[in-house]
Amino acid sequence: MRTQRQVVDYSLKKRAVLRELLAGRVGTYDVCDASPYLKNAARFHGEPTEERCPICRSENLIHVHYIYGDELKHSAGQARTLAELPVLAMTLREFQVFVVEVCLGCDWNHLVEQFLLGRDGLAEGGSEQGAVGGVTAPGIGPARERRREAQR
Ligand SMILES: [Zn+2]
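Now for a quick tour of the structure. Since we're looking at a predicted model, the values are computed, not measured.

1. Looking at the packing of aromatic side chains
In this structure the tally under the stated criterion is one aromatic pair. Here Tyr68 and Phe98 contribute two aromatic rings whose centre-to-centre distance is 5.5 Å and whose plane-to-plane angle is 85 degrees, an arrangement assigned as edge-to-face. On the criterion of sequence distance, the pair formed by Tyr68 in strand S3 (residues 60–68) and Phe98 in strand S5 (residues 95–102) is long-range, its members being 30 residues apart. Residue Tyr68 is classed as partly exposed on the basis of its relative accessible area of 39%.

What follows is the structure, given as structure tokens:
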């Protein structure tokens, strides 16, 4: 997503948790504690991945995208599908996205990353204009984004 910024990657933290688990310092009970809400969000708004669950290795992980921000009002804290995010990013100035991975098999869940989205990001660095390559996530129409920009 081209307006994505201030990305915080939590993969190191995740690896640390998995190490603790292997070492027996934490139990699966402590890390496989997905709430019914999170699991529902994964079922209805989640993005399936090709990545196997690191705990049970029987299910693929599902990414859930939670959105936060003042502009969202009552929608703040809700889960959205990946396809909905670029639409919001064109409508709102700024909002925060938290990506959580969930396994519906064993209830493993962990924060994957967080980032900001929104029109504010378009004001910075116009040099990448036209750079629509393989970096765009599936389901996002770069052509539409370009058209919107042309209107500005
Ligand atoms: Zn699992």
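Now that the structure is up, let's keep going.
2. What to know about the side chain of Asn109
Residue placement: Asn109 occurs in strand S6 (residues 109–117). Engagement of the side chain of Asn109 in a polar contact is seen with the side chain of Asp33, the distance being 2.9 Å. Contacts of Asn109, omitting those with residues within four sequence positions, involve Val31, Asp33, Ala34, Leu38, Val100, Glu101 and Val102.

3. Considerations on unusual backbone geometry
Trans peptide bonds make up most of the peptide bonds, and negative phi angles are found at most residues other than glycine. Within the chain, Lys73 stands out as a residue other than glycine whose phi angle is a positive 50 degrees. Within the fold, Lys73 resides in the loop between S3 and strand S4 (79–80). Even without being a glycine, Asp107 presents a positive backbone phi close to 75 degrees. Relative to the assigned elements, Asp107 resides in the loop between S5 and S6. Take Asp107: its relative accessible area is 19%, and that puts it in the buried class.

4. Concerning helix H3 (residues 36–45)
Among the residues of H3, Leu38, Lys39, Ala41 and Ala42 are the ones counted as buried. Mapping the buried residues of H3 onto a view down its axis gives an arc of 155 degrees, with all of them on the same face. In this structure, H3 carries Pro36, Tyr37 and Phe44 as exposed residues pointing more than 90 degrees from its buried face. Of the surrounding elements, those touching the buried residues of H3 are S3, S4, S5 and S6.

5. Observations concerning the nonpolar core
Within the largest apolar cluster, 14 residues are counted, with the highest numbers of intra-cluster contacts made by Ile67, Leu85, Phe95, Val97 and Leu117. For this core, the elements supplying multiple residues, two or more each, are helix H4 (85–91), S5 and S6. Residues within four places of Phe95 in sequence aside, it is in contact with Ile67, Tyr68, Leu72, Leu85, Leu88, Ala89, Phe115, Leu116, Leu117 and Gly118. Grouped together as the second largest cluster of nonpolar side chains are 10 residues, Leu38, Ala41, Ile62 and Ala79 included.

Reading the values: the criteria
- Residues numbered from 1 in each chain as written.
- Predicted model: local features only at pLDDT ≥ 70, side-chain atom pairs only at ≥ 80, totals over all residues.
- Heavy atoms only, no water.
- Phe/Tyr/Trp six-rings, centres within 6.5 Å; stacked < 30°, edge-to-face > 60°.
- Helix = DSSP H or I, 4+ residues; strand = E, 2+ residues; numbered from the N terminus.
- Buried < 20%, exposed > 50% of the residue type's maximum accessible area, 1.4 Å probe, protein only.
- Polar contact = N/O pair within 3.5 Å; in protein donor to acceptor, adjacent residues only side chain to side chain.
- Contact = heavy atoms within 4.5 Å.
- Arc of directions from axis to C-beta.
- Core = buried A, V, L, I, M, F, W, Y, C linked by side-chain atoms within 4.5 Å.

As far as function goes, none of this settles anything; it's purely spatial.
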